[in-house]
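Summary of the model geometry
Listed below, chain by chain, are the residues.
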Amino acid sequence: MKKMITFSLMWLLVSALFGQVPNWDKILADIDSQANFDNIDFSARYTVVSSRPGQDNSVIVARIFRRDREEKMTILISDPPAQRGQGYLQIGDSLWFYDPESREFAFSSFKESFQNTDAQNSDFTRSSLREDYRVTEHEDGKLGRFDVWIATLDAVNNAVPVPRRKMWIRKDNNLILKVEDYSVSRRLLRTMLFPSYQSVQGRFIPTRFVIEDALRQGEKTQITIEEPSIAPIPDSVFRREYLERVSR
Amino acid sequence: MKIILLALRNLTRQKRRSFLLGGALAFGFYVLTTVNGCAGGVYNGFEKNVVSLATGHIYYSRLERDPETKKLRLLIPGDSIITQAIEEAGIKPQYVIRRTQSLSMGTLIHFGKSSVRGLEGIDWENDPYLVSNLSLVKGSLDGLAGSDGAVIAQSVAKKLGVDIGDRILIQATTITGQQNVEEAEVKAIYHDTAGVFQVSTFLDREFLNRLIQMPPGSYNTLGIFLNHMNQSHWAQERLYASFQRLAPQEVLVPLEEVREKGANGSFQVIRKDSEFVSGSRHLISCLQDEPFFKSFRGIISAVEWGSAVTVYFLLVLVGVGLVNTFRLIVRERQREIGTMRALGMQRNEVLGLFLWEAVLLALLGALLGFLLGLLTLWVIGLGENLWVLPEVGELAFFLINNRLAWQLNLGVMAVSVMVLVAMVLSSALIPARKAAKLEPAEALRN
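Presented here is a report on the structure given in the accompanying data block. None of the values given here were measured: they were computed from a predicted structure.

**What to know about the overall build of chain A**
Of the regular secondary structure elements, chain A holds four helices and 13 strands. Expressed as a percentage of the 248 residues in chain A, the buried residues total 47%. When contacts within chain A are restricted to residue pairs at least 6 apart in sequence, long-range pairs at least 24 apart make up 45% of them. Carbon and sulfur atoms form 50% of the exposed surface of chain A, whose accessible area is close to 12900 Å².

Below is the structure:
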């Protein structure tokens, strides 16, 4: 009897200890699955507001179409008028920028900034944290009223633009509340805040998120995601001809 | 010979008229000489300064695809082939320098202000050409080797609001596409071209290697400085052939393509080449093939010939006046012509006499104009030794050590002399023929 009680107590203690260590592989997979639409198409209207000290805000409105299962994405800018018709087309690892004035497609990169804002082109594509990063440090913490994991993620390949990220992840549902991106030299590049989410077909995408530039004080970009839709998207949307046609 | 001496003596007889006529011709030639020399000087300064800011008269680059990211990068992991090729080609360069150039632009940041510029990593102890030719506004290049010092253009310093000793952030993309940031100290500020072409920020090579994550001690551009720009194409061809002989398995971008597109243009072609998925491509480019250089050479050539043509038109106007002047001369000297004819001078000798007077007038006018032009160029060329020029400012890029290294285009000058002589001859031809046709008796009677 005594042995049984001792064994049970030890088992409970071990369970309690190991229960606190998160399964990062699962958590990152969960984060990716919440942000990705692998079985269905997704589109939404993105409003990107960029603020710089001493300058008027710049506002870009774009419609983003994603087909994550085929690694395809089309971004079509509708506002401001000067940029109307500009767009991006992703097919697999390649990204092109389309300029309706020159009617030419030029190679772009996921690592480049989106239209001179604090956002990067990679911020609009599917999430691949599990594939590209591994958690090297973590600790418990709190952000506002939420219990969070504060995890440090280091890139495992050179495909991603940010070699190190620090994330504040809600413990209860694995939603990201805050991200800090660091350079190779471990200097803070930018901070992203995700104050609210919306549910789309059982997945959670941010309603809006704010990116603060850590190198240029006072500069920030706010991205609002509206009119999310999972309606099927015609195949033609993911072809060059679509951008050429629409921009006319 | 006698006719020539006689013609010369006749010119000196009418000193005032000869002086005025010759002076008009001399003035035109003076303008031509000065403009030509200044244009040549501007080109010399531009050439020298561009060469020093570029990586030499000829530069060798090697591009490869990163196997993981497929991103294009410049890297020279070992330079034994190119070094051997230089030796075998028999080029005998003045300098060979090794630099790191960031393929993508970097961003300099200082308290919220930023400026996007090219970044170049310099081996400060072994890059004498840049060190001696960078025209500094402030600061010094001493102690830059192994430091976090940055040498920035004056326009960049102004935009960022920085001065010597200020610290700036430099944001760049590594060769594998990651974002990186390092802090640097502004150690020197140099005169920039203010929009002539993009200017770079110069950093210690190891500092830049660290920033863009290139291996320590490595570089990605090898530059060859020749003794003269004119040797460039010859040296490029020999180096090209030598490299191909030594490494036939390596892929060299065709010479014709490089000559047509320049280095940057060739990079773009390689970048878009969908068949280039692995391995490397080698590029031997020449500064003379760069579009901006060709454009500038074209502009200078246009200025040289344009000024010459303008002076030719002015001379034509002068020529119209010369026709009347020669007519007047013939009328005034009819008695003299009659006397000479009566003494046995033949018609063709009379013709020859007047034509030689015209030719000598043109040649002496050209010589005077040329000498005055040379004197003016010499004075201009003294630069700050004579002028009080506290700031040459943007002009610095067209000067060598703050002086105009003027140079005459002898081809243009030679053609101009011929045009001048031809114009004066044509002005004098009709009156001279009229003089030659005069009968002695008629001439003496008049």
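Once the structure has been displayed, the description carries forward.
**Some remarks on the overall build of chain B**
On a plain count of helices and strands, chain B comes out with 13 helices and 12 strands. Against the globule reference of 22 Å for 446 residues, chain B gives a C-alpha radius of gyration of 31 Å, more extended than a compact globule. Overall, the C-alpha framework of chain B stretches about 105 × 50 × 30 Å when taken along its three principal axes. The contacts of chain B with a sequence gap of at least 6 include a subset with a gap of at least 24, amounting to 79%. When the accessible surface of chain B is totalled, it reaches about 20500 Å², and 59% of it is carbon and sulfur.

**Topic: the nonpolar core**
Across soluble globular proteins, nonpolar side chains have a tendency to be buried as a group. Phe114(A), Phe124(A) and Ile223(A) are the most contacted members of the largest nonpolar core, which has 42 residues in total. The next biggest cluster of nonpolar side chains, apart from the first, holds 41 residues, and it includes Leu353(B), Ala362(B), Ala428(B) and Ala435(B).

**Describing the side chain of Thr117(A)**
Residues and elements named next belong to chain A. Summarising the element assignment, Thr 117 is placed in the loop between strand S6 (104-107) and helix H3 (129-132). Take Thr 117: its relative accessible area is 5%, and that puts it in the buried class. At 3.1 Å, the side chain of Thr 117 and the backbone nitrogen of Ala 119 are in polar contact. In this structure Thr 117 touches Val 48, Ser 50, Arg 52, Ile 60 and Thr 221, once residues within four positions along its chain are discounted.

**Quick look at the pairing of S6(A)**
Residues and elements named next belong to chain A. Where strand S5 (residues 94-99) lies against S6, four bridges are found, and the strand directions are antiparallel. Looking at the pairing, Phe 97 lines up with Ala 106 of S6. Linking S5 to S6, which pair antiparallel, is a turn of four residues; within it Arg 103 sits at a positive phi near 60°.

**Here's the deal with helix H2 (residues 24-35) of chain A**
All names here are of chain A. With 12 residues, H2 extends 16 Å between its outermost C-alpha atoms, agreeing within 8% with the 16 Å of an ideal straight helix rising 1.5 Å per residue. Residues Trp 24, Ile 27, Leu 28, Ile 31, Asp 32 and Gln 34 constitute the buried set of H2. Along the axis of H2, the buried positions cluster into a sector of 165°, meaning they face one direction only.

**Quick word on the packing of helix H11 (residues 347-381) of chain B against helix H12 (residues 410-437) of chain B**
Residue and element names in this part refer to chain B. One way to put it is that H11 packs onto H12 with a least axis distance of 8 Å and a crossing angle of 150°. By the angle between their directions, the pair H11 and H12 is classed as roughly antiparallel. Classified by chirality, the crossing of H12 by H11 is right-handed. When the residues that make up the contact of H11 with H12 are grouped by side-chain class, the tally is 21 nonpolar, no polar and three charged.

**With respect to the interface of chain A and chain B**
At the interface, 17 residues of chain A touch 19 residues of chain B. Summed over both partners, the interface of chain A with chain B buries about 1600 Å², with 52% contributed by carbon and sulfur atoms. At the boundary of chain A with chain B, the tally comes to one salt bridge. Of the charged contacts, one joins Glu183(B) and Arg187(A) as a salt bridge, the two residues approaching to 2.9 Å between their closest N and O atoms. For the side of chain A that touches chain B, the residue count by class is seven nonpolar, six polar and four charged.

**Regarding the pattern of salt bridges**
With the rule as written, the count across this model stands at 36 salt bridges over all chains. Residues Glu237(B) and Arg259(B) are paired through a salt bridge, measuring 3.2 Å at the closest nitrogen-oxygen approach. Taken together, the residues span a long stretch of sequence, with Glu237(B) in helix H7 (residues 232-246) and Arg259(B) in helix H8 (residues 255-272) at a distance of 22 residues. Under the relative-accessibility criterion, Glu237(B) is labelled partly exposed at 41%. Classification of Arg259(B) as partly exposed rests on a relative accessible area of 22%. Here the salt bridges share partners, and the residues they tie into one network are Asp41(A), Arg67(A), Arg69(A), Glu70(A), Lys72(A) and Asp235(A).

**What to know about the packing of aromatic side chains**
All names here are of chain A. Counted under the stated rule, the structure contains 14 aromatic pairs over all chains. Seen from their ring centres, Phe 37 and Phe 42 are 4.3 Å apart, and the 10° between their planes marks the pair as stacked. Like Phe 37, the residue Phe 42 is buried in the burial classification. Ring centres of Tyr 98 and Phe 105 lie 4.6 Å apart, and the angle between their planes is 35°; on these two criteria the pair is classed as tilted. Accessibility assignment for this pair places Tyr 98 and Phe 105 in one class, buried. Three or more aromatic residues joined by ring pairs form one cluster here, namely Tyr 46, Tyr 88, Phe 97, Phe 114 and Phe 124. For the cation-ring pair, Lys 171 lies above Trp 149, with the distance from its terminal atom to the ring centre recorded as 4.4 Å.

**Examining the side chain of Thr176(B)**
Structurally, Thr176(B) is set in the loop between strand S8 (167-173) and strand S9 (179-190). Engagement of the side chain of Thr176(B) in a polar contact is seen with the side chain of Gln178(B), the distance being 2.7 Å.

**Concerning the packing of H7(B) against H8(B)**
Residue and element names in this part refer to chain B. Close contact between H7 and H8 brings their axes to 11 Å; oriented N to C, the two are set at 145°. Judged by the twist between their axes, the crossing of H7 over H8 is right-handed. Of H8, the residues touching H7 (which contributes His 233, Gln 236, Glu 237 and Tyr 240) are Leu 255, Val 258 and Arg 259.

Reading the values: the criteria
Residues numbered from 1 in each chain as written. Chains lettered and ligands numbered in written order. Predicted model: local features only at pLDDT ≥ 70, side-chain atom pairs only at ≥ 80, totals over all residues. Heavy atoms only, no water. Helix = DSSP H or I, 4+ residues; strand = E, 2+ residues; numbered from the N terminus. Buried < 20%, exposed > 50% of the residue type's maximum accessible area, 1.4 Å probe, protein only. Contact = heavy atoms within 4.5 Å. Areas by Shrake-Rupley, 256 points an atom, 1.4 Å probe, with all protein chains shown as cover. Rg over C-alpha atoms; globule rule 2.2 N^0.38 Å. Core = buried A, V, L, I, M, F, W, Y, C linked by side-chain atoms within 4.5 Å. Polar contact = N/O pair within 3.5 Å; in protein donor to acceptor, adjacent residues only side chain to side chain. Pairing = 2+ DSSP bridges. Expected span 1.5 Å × (residues − 1). Arc of directions from axis to C-beta. Axes fitted to C-alpha atoms, helices over the stretch in contact; angles between N-to-C directions. Parallel < 35°, antiparallel > 145°, perpendicular 65-115°, else oblique. Left-handed = near helix turned anticlockwise from the far one by under 90°. Nonpolar A, V, L, I, M, F, W, Y, C, P; charged D, E, K, R; others polar. Buried area = accessible area lost by both parts, 1.4 Å probe. Salt bridge = Lys/Arg side-chain N within 4 Å of Asp/Glu carboxyl O. Phe/Tyr/Trp six-rings, centres within 6.5 Å; stacked < 30°, edge-to-face > 60°. Lys NZ or Arg CZ within 6 Å of the ring centre and 35° of its normal.

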